[in-house]
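# Overview (structure and organization)
So the chains spell out like this:
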Amino acid sequence: MKYVCDVCGWIYDEEVGDEELGIAPGTKFEELPEDFLCPLCMVGKDQFSIVVA
């Protein structure tokens, strides 16, 4: 599943993870720490939406 930041459009893809942030491929969005912030605009997880294909 993919999640998009509602503020800046950065996309987190669970299949890919984010090597630069130290997030392993396959890491579910729900498994990210509660204090996770968008790496581009620094908003919290509550500002992300599921990408609907």
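First things first, this report covers the structure right here in the doc.

Conventions used here
Residues numbered from 1 in each chain as written. Predicted model: local features only at pLDDT ≥ 70, side-chain atom pairs only at ≥ 80, totals over all residues. Heavy atoms only, no water. Pairing = 2+ DSSP bridges. Helix = DSSP H or I, 4+ residues; strand = E, 2+ residues; numbered from the N terminus. Axes fitted to C-alpha atoms, helices over the stretch in contact; angles between N-to-C directions. Salt bridge = Lys/Arg side-chain N within 4 Å of Asp/Glu carboxyl O.

### With respect to the sheet that holds strand 1 (residues 2-5)
On the basis of which strands lie adjacent, the open sheet formed by 3 strands has the order 2-1-3 and antiparallel pairing. With one partner strand each, in any of the chains shown, strand 2 (11-13) and strand 3 (48-50) form the two edges of the open sheet. Here the strands of the sheet are splayed against their neighbours by 25 degrees on average, with no regard to which way each runs. Bridging between strand 1 and strand 3 involves 3 bridges; their strand directions are antiparallel. Its bridge partner lying in strand 3, C5 is registered against F48.

### A closer look at the pattern of salt bridges
If charged atoms from side chains of opposite charge come close, those side chains can pair. For the structure shown, the criterion picks out 3 salt bridges. Here K28 and E14 are joined by a salt bridge, their closest N and O atoms 3.9 Å apart. You can see K28 sitting in the loop between strand 2 and strand 3 and its partner E14 sitting in the loop between strand 2 and strand 3, a full 14 residues away along the chain.

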